Every structure is written in C-alpha cells, then in structure tokens.
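Observations on the model geometry
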Protein chains: 2
Amino acid sequence: MAEGPPRAASTLLGVSADVAELGRRATTASRQLLRASSGDREAALIASAALILERAPEILEANAADVAAAEAAGLEAGSLDRLGLSDERLEAMASGLRQVAGLPDPVGEVLDGWERPNGLELRRVRVPLGVVAVIYENRPNVTTDAAAICVKSGNAVLLRGSSSAQRSNRVLVEALRDGVAKAGLPADTVQLVDDPSHDAAVELMRLTDSVDCLIPRGGAALIASVREHATVPVIIDGDGNCHVYVDAAADLDQALAIVVNAKTNRPGVCNAAESLVVHEAVAGQFLPQVCDVLEAHGVELLGDAAARRLRAGLALATDDDFAREFLGLRMTVAVAPSLDAAIEHVNRFGSGHTEAIVTRDLGAARRFTREVDAGVVIVNASTRFTDGERFGFGAEIGISTQKLHARGPMGLRELTTYRTEVWGDGQVVD
Amino acid sequence: MAEGPPRAASTLLGVSADVAELGRRATTASRQLLRASSGDREAALIASAALILERAPEILEANAADVAAAEAAGLEAGSLDRLGLSDERLEAMASGLRQVAGLPDPVGEVLDGWERPNGLELRRVRVPLGVVAVIYENRPNVTTDAAAICVKSGNAVLLRGSSSAQRSNRVLVEALRDGVAKAGLPADTVQLVDDPSHDAAVELMRLTDSVDCLIPRGGAALIASVREHATVPVIIDGDGNCHVYVDAAADLDQALAIVVNAKTNRPGVCNAAESLVVHEAVAGQFLPQVCDVLEAHGVELLGDAAARRLRAGLALATDDDFAREFLGLRMTVAVAPSLDAAIEHVNRFGSGHTEAIVTRDLGAARRFTREVDAGVVIVNASTRFTDGERFGFGAEIGISTQKLHARGPMGLRELTTYRTEVWGDGQVVD
C-alpha cells in the first residue's frame, strides 16, 4: 500500500504524480480563470454536482475498493466510517457543490478606492489567490468541498488526499474536471496529486513558483510537517484549546448551559471548550454545580489548587494539561482571582482559536474581547459557534489559528487577495 | 567582525542575543499593547522622535564607529553612504517618526458586522498582528522607520539589522525603547536582536511561538534564506520585473514619457520598468523613437527578433533576460502581435509586482487590469507610482510580491489582522 493503488488508465490528465507539472498547469488554469465570469464558475459547480450523481455507481465502486483495502490494512472503525461513501453521502456532496455555487461571488468586490492629488485613481479589487493547494486526510467529501470553495472563489486547486481514499478521489476529481470543462473553464482548475508519498507532499509544500496558498487539513503530524518543509505561503488550521471564562458578574444559569454545551455538544472538534476558568467571587457557588453536571455528562475534570479546594474529587491539572487540546471528555478547571488573572491565564494557555466570557458586566466583556489574543472572542454564547456555517459563510475550508491573511473560520473571501488598480492619464514621477 | 562589535553595558534590556527570550518578551509586550490607546501609541512615537534628536551626539558617535569599522572592512562606497548618519538624517528619522505618529490609527476599525438568525451579533475588528519581526540590511534609518510603523499599528517589533550598523542600531533602539516607555507602553515593544550571526537570524525565522509575521527587507540571498528556513508566517518583498505595455491604441507621446520615466527615473529600485512590450500595430512607429530616447538616457536595450527587425542595434534578448530584474540601465523590448500575446508575455515573465498598460482603449485597459496577475496594475501612468508614500499610505514597510495577506505596498493596515467578536445572550448549539 505504500505506493498506493495502481493508476487507472482514464486518469492521465489532471490526476498525475508529476507535482511540478501539475503546478504549471494549475498556474495556467488560474490565469484563464481571471477571464471567467461569476456565472461560469457557478455553472461549473452545478455541472460537477450533476456528474457526481450521474457517476454514482463508478464512484461507489472505487470507494468500495478503497474501503476494502483500508479494512485489510487494519484502519480503525472511525476512519473507515469517514472513508466510506453511500448514495446519501454522494447526494450531500452534490448538494454541497450546488450550495456553494449559489453563494455570493467574492471576486470583483471593490474593497477600497481613493484619488491622489495628481489625479491618479486607485482602487483595490478582490481577486482570487490563484493556485490553492489543499493537503487533507481520509474523508473523500473534502475533495468536493475544497474544490467547490476554490472554484467558486476563482482559484485553481491542487488536491492531495490520503492514500486510503485514492481510488475514490480519482473518480471524484474526474467528475469535477469534466463538470468544470462543461462550463467552459479549464479542466486543470481541479487537479489531483496522485502520489500518496511523503515526498510528493513535501514537493507540493515547496512549489513556490505555482502555489499561492497551502491549506493543510489534518492532525498535528501534518501541521508539523508543513511548518518544517513548506516554502509556499501557508494558512495553519491549528489546535483549538478553547476556554470559557465565567466572570464575577455572570448569569450563572446561562454560564452552566454554555459551559456544558461548549464541552459536551461535540467534544472531538476544535471549537469544543477544553478549559473552564471561574472568577473566585462566584467559584464557591458555581464550581461544585458545574462540576456535578459535567461529571454527569461523563467529563473527567482536572483542577488547579483553588478549584480542588472548592470541589472534592478533581485531579490536579498541570501546566501541560492546561495547554492541551483534549478533543474528548476531559476539561481543566481554574479559579481566577480577577478578570486580569483570567485574561492572563487564557492568553498563556489558549491557542488563539476561540475564547468565551460569560458576564453581564459590559466593562468586563469589552476588556475580555479587547485583551484576549484569539481569532474569535465570544460573549455569552458557546465556543461551538466558531464555524463557517454558523458564522453564515455558507462554506468553510478550515479555521485559521494564525494571524496572517485569515483568522478564524475561512470562507470564500478568505481564499481571495486583492490587486490595486491605478488609473491615470499620463502621470509620471518627478 | 564576524562576532560583531562588543556589547555595550547600557544595552542589557531589549537589546539581547537571546532570541527566544526576546520573543517571549515581545509576546508579553504585544498583549499589553492591546490595552494601549491610539493616543498612547502616538505619544510613544513623538517621545521617541524627541529622544533621537536629544541623543544625536551619542548616536552619531556610535555611527561613526560603525562607519570606521565598515571602511576598514572594505565596504563599498554606496553601502558606506547608506550606513552613515548625520544631523540632517537624524532630523529626517525623527520627522518620519512624528509623521507616522500623526497617521490615522488602523486599530479598532470595524471591517464588517452582521447578525445571525439566532440573534448572535458578529463583528470583525481590525487588531494588531502581535509580534512583527523585521530582518534588514545596512541602513540604520530602517530601524526607526520599521519601529514607527509597527508601534503605530499596535505591534511589538523584533528588529534584526546588519552587523555593520550594530552600534548605531543599539543606541537608536535604546532611544525608541525609552520613548515608548515614557508614553507608558512596555519598553519591550521595541527590541533588537543583538547578534549578527546567521544562526540568530535563522532562530528568529523559526520562532513560531512568538513571531506572528516576519518581513525580510533585503536582497535575493536574504529572501532565499527566509524561504528555506522560516517556519513563521512571512511576507515576501520580492523582485520587481515590471513591464510597460504600449497598446495599439496608445497615445504614443504619453507612452514615450511613461516608458522613459518608468525606466530612467530611478533605475535601481523595484518599481522601475525592466521590460517594454509594444503592440505590433504601433511598433514600426514607436519602437525606433523610444529606443533612441532610451539610449540617449544611457539605457542598454535587448530585443526579441521582431523588435530587432524594427530597430537596428538591439542585442538579442534571451528568456533569461526577459525574466531578470536588471535594477540598472538595461531593458528588454518585445513586440506583441495582440493584446492576448502581450498579457501572456507579462504573465510569463513578470514577478507580480507592477505592470502598466498605455492605451486609450477602455476595453484593452479593462482586460489588462483583469487578466494580468500582479499586485499593482497601472493604466496610463508610470510603474514608479507603486510605493506606499505615492499611494497615500503615509508610510511603507515594503512591497509584497506574494498574494497572502498583503499584496503591493504595505502600510499600517497591512500590519494588522482582525478578530471576530460574537456577542450573544446565552446561545448554545443544538
């Protein structure tokens, strides 16, 4: 399996192991896309959705082979489930393509414009990034999701899925390419890096002549590899070590509902809360209560010394625990003597993803939103709202935990840049 | 000299060779800066400007030692000139600090805001990047320029100048730190990496826990080293292989003035034109004329086959010539049979910096601005206008040739990111 399954004869174009050649073709396609209208890009995604459904038997057959190979290789049940496709899942993928097709077009928006004293007129116009590379793991629905968001925003995309989904990805990418071509866009708008080796991934990470932005979607090992090897610009979709801070002025019923939702609604995702910080003025009342409810939901709690004094039975939380994204039913609990101390704790251990405060005190809310260094800061609501769909973006390609270019959930606009146009009538520099 | 001059006793704080420690202190300072008002940051720069002038004797003494050491080491005359300070240059540096202080504050601008059906109110607010690292060469005025633009935009800055300017940079950074502290901001807002070794630079490039953005300002070797080693987010200030395309519908008098200005006004800078592309419909008339004038300005011309047929005496331009940023009095000349061919030529050889078209044809201008893949596209004006000052930004920290985050001249806004605030009243996820 290390070499991946043998290449199908039908996938000579746009599904290749020659990463540099794929890059050159992506660049050419991205330039042609600058001429495409919003309607062309919309039509491309609608045609792709139709082809995904038309070719369901072929896709399901390829996917069944992937699943069988993964089972034989001993892939664990959760991964097998994420790998498997069905008629329902294909319908959801097609529906996702149509939904992204119908979103407002980000390209061409005039972001800003002004005139200079010499009569030059400047305007900043939103344009596609160019070539976006996405490295992702396992789930074949990312293939259509990532292609949809890239094509809609006018980008060419280089997809590099995992070896376990390779047969599925080939036929999916073929359908996407045919759909895109039907709408008159270059088929090379969507290409698959058909080489599951680490070397191919590293080559993609270093394709500075072609790749304008790389988005890795995967676990810590992938992120570490990208940090180490990438020479192309990258948007990191990193850990979510999210806190809920319950202020002295919190509505404690609201706080209880928010903490429990943030921790237990879906503990395995990046916007789940990993840590609870309670102001000491309300800790005596709130901590025992919230701990009871969390434990009743099966959450294992680890506390600092102050928390353990207020609630028996908490294990001792180390700094490592406070810094960890558990992605499961564990949570750290800390007591803060002040708002300042709470903010300091959050900034020390947070990963810059999402931080929430529960308070009725406007001054505390304002200070928390201003002084906490995170992409998303939430007042009186669950951390679980940090999500492209829930933000109303209509689609999401990840959640950035870096500050450059995009921060927080990334939708269509986050896959664009701008050009500055300067319109003159003969101006020269003195 | 490889070890740099001995460290002064007065520079124990904020001027250190311990890169990781500087990074930690920068992060702490950047968090404190989130509490600073616009007025605080303005006052910090005004106080710094006053201290630069007050300490002129000390600064000039340190600079004289730098210049003497550089002379002894055989630094060439141009570099020596850029290294040297004078009362006039210090006055200009102080005036630059005051000017940046007076610019509109980018921090706190509400970029966008909307409400969700569940009543959550979201808004995107412009905030500082956090910690900006700048690696630069030779000229000590970059020390104050970079500090000014970073402090004004609410960022902590890690400065890493060249060894030749080290004594100057130490006293300049001391003045900046004292000025910042006078205004009540943390002195660690401005810090100097006091180690001229390559290893220290590489350590800075890999300080992912602290550095939110690295801006290298220097030649090709520095850019290559950053691409190779950096694991922190980077904005590349790359080559400017800028074209002027003279369209079939150009006003040829205007075209002549623009080409000559773009090439000869200041040939050594990145926004100077390196290449002329002329539509064949006007090449017979225009080429001989523009070549005469350019040669009279001392420009050495290299042409493609078609250009050489129309104007005797042009050397043959190779693809390497077309791809090169000469940064001097050389220029390539190509004849394009069509607008399409011109756009293709520009996209093939351009570096994404600045591309200009001269035309009276609105359709041609629209196609050129839309289809040329460059940060700045200019219609009927000189490429030399691509500049933060000339764009009206009031200050510039470089010109980005990448597409992620910032593209083209970078002013205060380009040193910011955004946070998303979510304001609710108890919302949880179903």
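Quick caveat, the model's predicted, so the values are computed rather than measured.

Definitions and cut-offs
Residues numbered from 1 in each chain as written. Chains lettered and ligands numbered in written order. Predicted model: local features only at pLDDT ≥ 70, side-chain atom pairs only at ≥ 80, totals over all residues. Helix = DSSP H or I, 4+ residues; strand = E, 2+ residues; numbered from the N terminus. Rg over C-alpha atoms; globule rule 2.2 N^0.38 Å. Contact = placed C-beta atoms within 7 Å. Least-squares fit on C-alpha atoms with pLDDT ≥ 70 in both. Nonpolar A, V, L, I, M, F, W, Y, C, P; charged D, E, K, R; others polar. Pairing = 2+ DSSP bridges. Axes fitted to C-alpha atoms, helices over the stretch in contact; angles between N-to-C directions. Buried ≥ 20, exposed ≤ 12 C-beta atoms within 10 Å, placed from the backbone. pLDDT = per-residue confidence, 0-100. Arc of directions from axis to C-beta. Parallel < 35°, antiparallel > 145°, perpendicular 65-115°, else oblique. Left-handed = near helix turned anticlockwise from the far one by under 90°.

For the rest of this paragraph, the subject is the overall build of chain A. Within chain A, the secondary structure is distributed over 16 helices and 17 strands. Over its C-alpha trace chain A gives a radius of gyration of 24 Å, about what one expects of a compact globule, namely 22 Å for 430 residues. Structurally, chain A occupies a C-alpha span of about 70 × 65 × 35 Å along its principal axes. Restricting the contact set of chain A to residue pairs at least 6 apart, pairs at least 24 apart contribute 74%.

When chain B is fitted to chain A, the residual RMSD is 0.0 Å, and the transformation amounts to a turn of 180 degrees plus an axial shift of 0.0 Å. As the rotation angle and translation indicate, the two copies are arranged about a two-fold axis. Across chain B, the smallest distance between a C-alpha and the rotation axis is recorded for H405(B), namely 1.9 Å. Mapped onto chain A, 100% of the interface residues of chain B are again interface residues, and the two copies thus contact each other with one and the same surface.

What follows covers the interface of chain B and chain A. Counting residues at the interface gives 58 residues for chain B and 58 residues for chain A. Every element with two or more residues in the side of chain B that touches chain A is listed here: α9 (220-229), α10 (252-264), α15 (362-371), β14 (376-381) and β17 (416-427) of chain B. It is β17(B) that contributes the most residues to the side of chain B that touches chain A, 11 residues altogether. Of the residues that constitute the side of chain B that touches chain A, the class distribution is 23 nonpolar, 20 polar and 15 charged. Both strand β17 (residues 416-427) of chain A and β14(B) contribute to a ladder of 5 bridges, which runs parallel. When the sheet's bridge partners are listed, V422(A) is paired in β14(B) with I378(B).

Residue and element names in this part refer to chain B. One open sheet holds the 5 strands; their spatial order is β1-β6-β5-β4-β7, and the pairing between them is parallel. On the outer flanks of this sheet lie β1 (15-16) and β7 (213-217), each paired with one strand and no other. The sheet contact formed by strand β5 (residues 156-160) and strand β6 (residues 190-193) spans 3 bridges and is parallel. When the sheet's bridge partners are listed, L159 is paired in β6 with L192. Relative to the sheet, helix α6 (residues 141-152) contacts β4 (131-136), β5, β6 and β7, its axis offset from that of β5 by approximately 160 degrees.

A few words on the pairing of strand β12 (residues 330-336) of chain B. Residue and element names in this part refer to chain B. A large share of β12 lies buried, amounting to 6 of its 7 residues. Bridge analysis of strand β9 (residues 273-279) against β12 gives 5 bridges, and the strand direction is parallel. Residue S275 lies in a different strand from β12, and its bridge partner there is T332.

A few words now on the environment of K182(A). When you line up the elements, K182(A) lands in helix α7 (residues 166-182). Residues K182(A) and G328(A), spaced 146 residues apart in sequence, show a C-alpha to C-alpha distance of 45 Å.

Before going further, it helps to examine the sheet that holds strand β13 (residues 354-358) of chain A. If you walk across this open sheet you meet the 10 strands as β11(A)-β10(A)-β12(A)-β9(A)-β8(A)-β13(A)-β14(A)-β17(B)-β3(B)-β2(B), and the pairing is mixed. With partners counted over all chains shown, the strands left at the sheet margins are β11 (315-316) of chain A together with β2 (110-115) of chain B, one partner each. Relative to strand β9 (residues 273-279) of chain A, strand β8 (residues 242-246) of chain A runs parallel, the two being bridged by 5 bridges. Within the sheet, the bridge partner assigned to Y245(A) lies in β9(A) and is V277(A). Each of β8, β9, β12 (330-336) and β13 of chain A is contacted by helix α14 (residues 339-349) of chain A, which is oriented at about 160 degrees to β9(A), the strand it contacts most.

The predicted model of chain A has a mean per-residue pLDDT of 94, with 97% of residues at 70 or higher. On the interface metric, ipTM, the complex scores 0.93, and its pTM is 0.93.

All of the buried residues along α14(A) are L339(A), A342(A), I343(A), V346(A) and N347(A). One side of α14(A) holds all its buried residues, which, seen down the axis, span an arc of 130 degrees. Away from the buried face of α14(A) by more than 90 degrees, exposed residues D340(A) and R348(A) are located. Residues of α14(A) that are buried sit in contact with β8, β9, β12, β13 and α15 (362-371) of chain A together with α1 (19-33) of chain B.

This part covers the packing of helix α6 (residues 141-152) of chain A against α7(A). All names here are of chain A. Contact pair α6 / α7: the axes reach a minimum separation of 10 Å and the direction vectors enclose 25 degrees. Compared by their axis directions, α6 and α7 come out roughly parallel. The crossing of α6 and α7 is right-handed. Along its contact with α6, which presents T143, T144, A147 and V151, the element α7 presents N169, L172, V173, L176 and V180. Of the residues assigned to the contact of α6 with α7, the class counts are 6 nonpolar, 3 polar and no charged.

All names here are of chain B. Relative to the helices and strands, M93 resides in helix α5 (residues 87-101). M93 gets classed as buried once you count the C-beta atoms within 10 Å, which come to 25. On a C-alpha basis, the gap between M93 and G408 in space is 24 Å, while along the polypeptide they are 315 residues apart. Contact partners of M93, with chain neighbours within four places excluded, come to I52, N141 and T144.

This part covers the pairing of strand β4 (residues 131-136) of chain A. The two faces of a sheet get side chains in turn, since along a regular strand they alternate between them. Residues and elements named next belong to chain A. Burial analysis of β4 places 6 of its 6 residues in the buried class, the great majority of the element. Neither face of β4 is exposed, since V131, A133 and I135 on one face and V132, V134 and Y136 on the opposite face are all buried. Inspection of the sheet shows β4 paired to strand β5 (residues 156-160) by 5 bridges, in the parallel sense. Residue pairing in the sheet places A133 in a bridge with L158 of β5.

So, about the environment of L33(B). Residue and element names in this part refer to chain B. Residue placement: L33 occurs in helix α1. Taking the C-alpha atoms as reference points, L33 and G154, separated by 121 residues in sequence, lie 6.1 Å from one another. Apart from the residues within four sequence positions on either side, L33 is in contact with P128, G154, A156, L185 and T189.

Here we take up unusual backbone geometry. Non-glycine residue L327(A) carries a positive phi angle of around 55 degrees. Here L327(A) is to be found in the loop between α13 (319-323) and β12.

This paragraph deals with the packing of helix α2 (residues 38-54) of chain A against α7(A). Residues and elements named next belong to chain A. Direction vectors running N to C along α2 and α7 enclose 140 degrees, while the axes themselves pass 7 Å from each other. The orientation of α2 relative to α7 falls into the category oblique. Where α2 crosses over α7, the two elements pack in a sense that is right-handed. Where α2 approaches α7, its residues A44, A47, S48, L51 and I52 are matched on the opposing element by A175, L176, D178, G179, V180 and K182.

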